[in-house]
Amino acid sequence: MTEPETTSAASAETAARPRVTLITGSSRGIGRVLALKLASRGEHVVVNYKKNAELADDVVREARELGGGGLAVQADIEEPDDIDALFEKVRAEYGRLDGFVANAAASAFKPVSALKLHHLDRSWAMNVRSFVLGAQRASALMTNGGRIVAVTSYGSLRAFPTYASLGAAKAAVESYVKFMATEFGPRNITVNAVNGGLIDTDSLEYFYERVPGMAPMQSVIEKVPLGRPGTADDMASAVEFLLGAHAGYITGQTITVDGGLTVVAPPYWADTSGELRAAVFGD
Ligand SMILES: NC(=O)c1ccc[n+]([C@@H]2O[C@H](COP(=O)([O-])OP(=O)(O)OC[C@H]3O[C@@H](n4cnc5c(N)ncnc54)[C@H](OP(=O)(O)O)[C@@H]3O)[C@@H](O)[C@H]2O)c1
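Presented here is an overview of the structure given in this document.

Thresholds, definitions, all that
- Residues numbered from 1 in each chain as written.
- Predicted model: local features only at pLDDT ≥ 70, side-chain atom pairs only at ≥ 80, totals over all residues.
- Heavy atoms only, no water.
- 1 Å grid on protein atoms, 1.4 Å probe; cavity = no way out; pocket = protein on both sides within 12 Å on 5 of 7 lines; lining within 4 Å.
- Points joined across faces, edges and corners; volume = space filled by probe spheres on them.
- Helix = DSSP H or I, 4+ residues; strand = E, 2+ residues; numbered from the N terminus.
- Near = heavy atom within 4 Å.
- Polar contact = N/O pair within 3.5 Å; in protein donor to acceptor, adjacent residues only side chain to side chain.
- Areas by Shrake-Rupley, 256 points an atom, 1.4 Å probe, with all protein chains shown as cover.
- Sits in = over half its atoms within 2 Å of the grid points.
- Nonpolar A, V, L, I, M, F, W, Y, C, P; charged D, E, K, R; others polar.
- Core = buried A, V, L, I, M, F, W, Y, C linked by side-chain atoms within 4.5 Å.
- Buried < 20%, exposed > 50% of the residue type's maximum accessible area, 1.4 Å probe, protein only.
- Contact = heavy atoms within 4.5 Å.

1. Let's talk about empty space enclosed by the protein
Moving on, step 1. Throughout the structure, instances matching the rule amount to 1 cavity of 30 Å³ or more.
Moving on, step 2. Along its surface, the largest cavity is lined by 19 residues, and A102, A104, N127, S130 and F131 are the ones closest to its centre.
Moving on, step 3. If you list the elements that add at least two residues to the lining of the largest cavity, you get α4 (80-94), β4 (99-102), α5 (117-141), β5 (146-153) and α6 (164-184).
Moving on, step 4. Take the lining of the largest cavity: its biggest share by element is 5 residues, from α5.

Take a look at the structure:
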């Protein structure tokens, strides 16, 4: 069947325009690496940040140098009014959105018995509410289908010291991913999550160096089957895949990027000795 001429012209225009993706918290860490990956494919990125305008402006400048485009937008995603203003800025600038990546996260790292009311409320607002409000506004701008990806972490799957507040929020996000996938699917919008293990960014350093009494990072790294922390690039590559053309039939899923950390259990290979240890580590 031949397509009507006007439809072909409209499709050609749609195919020619650069894709636009909003990434929360993309002035640093995983978000920044992802923004630059998309820009190097000629795409436009909306670089959201909270405090450091200079870093966000640098990402936009680098994105342009790589052949893409974009803009930096300050918005504290813990604040619903800021989320509204962020998406309004996207609407005013582009009138549409192809991708939304809920990446920024923050929480208090404390034992459950020490979590105060404000810790619980703020963690929900920052990590879960912001994702739902963002996905509502993003999907409204995805008039030609789209991709939504949430960045979560292995605290949604496994329990370890001080991570309850963030881990439970990430589990809620992964659950929302499934509900959104069923609801937005008919509009050709996919919704997925990328769940990270130990990923080498500022926040990893904060967790192991600044949370009083935290176990040494090395004691965890040696339990990771791949024997190293992940990189921001490892995470960004998985998100890029879910945003891209090859992932069009994947929705409602969580892909774990953790070097195998969530499949191990005690006793650990790292704690074996003698010939048994040598069989794996060769030492
Ligand atoms: N690093 C890890 O080990 C690890 C492991 C698994 C999963 N993850 C997940 O990966 C994601 C990214 O982590 P990351 O370590 O790369 O970076 P991050 O520390 O979570 O985020 C840094 C970015 O978020 C922005 N940001 C912070 N609070 C914000 C707020 N209230 N509103 C808007 N933006 C805000 C920062 O902007 P300013 O600098 O301007 O404040 C910066 O651009 C998170 O969802 C995290 O849970 C990380």
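The rest of the description comes next.
2. Examining the site of the ligand
Moving on, step 1. Near the ligand there are 28 residues, and of these S27, K51, N103, T201 and S203 occur at the shortest range.
Moving on, step 2. One of the backbone nitrogen or oxygen atoms of N103 is found 2.6 Å away from an oxygen atom of the ligand.
Moving on, step 3. In the complex, the protein chains occlude 91% of the 890 Å² of accessible area that the ligand would expose alone.
Moving on, step 4. Comparing atom positions with the cavity grids shows the ligand to sit within the largest pocket.
Moving on, step 5. Counting residues per element, the shell around the ligand draws most heavily on β5, which supplies 3 residues.
Moving on, step 6. Class assignment of the residues belonging to the shell around the ligand gives a composition of 10 nonpolar, 13 polar and 5 charged.

3. Considerations on the nonpolar core
Moving on, step 1. V46, F87, L97, F100, F131, I148 and V191 are the most contacted members of the largest nonpolar core, which has 36 residues in total.
Moving on, step 2. Where this core is concerned, the elements lending two or more residues are β1 (20-23), β3 (69-74), α4, β4, α5, β5, α6 and β6 (189-196).
Moving on, step 3. The element best represented in this core is α5, accounting for 8 residues.
Moving on, step 4. Excluding residues within four positions of it along the chain, V191 makes contact with F131, I148, V177, M180, A181, F184, T251, G252 and Q253.

4. A look at the environment of M180
Moving on, step 1. Within the fold, M180 resides in helix α6.
Moving on, step 2. Spatially, the C-alpha atoms of M180 and R129 are 14 Å apart, while their sequence positions differ by 51 residues.
Moving on, step 3. What M180 contacts, discounting residues up to four positions off in sequence, is F131, V132, A135, G185 and V191.

5. Notes on the side chain of T162
Moving on, step 1. Tracing the sequence through the fold places T162 in the loop between β5 and α6.
Moving on, step 2. Overall, T162 belongs to the buried group, its relative accessible area being 15%.

6. Section: the layout of surface pockets
Moving on, step 1. Of the volumes computed, that of the largest pocket is approximately 1500 Å³.
Moving on, step 2. Lining the largest pocket are 48 residues, and of these R28, A104, A105, A106 and S203 sit closest to its centre.
Moving on, step 3. Of all the elements in the fold, those that place two or more residues in the lining of the largest pocket are α2 (29-39), β2 (44-49), α5, β5, α6 and α7 (202-210).
Moving on, step 4. In terms of residues, the lining of the largest pocket owes the most to one element, α7, which gives 6 residues.
Moving on, step 5. The residue inventory of the lining of the largest pocket, partitioned by class, reads 22 nonpolar, 18 polar and 8 charged.

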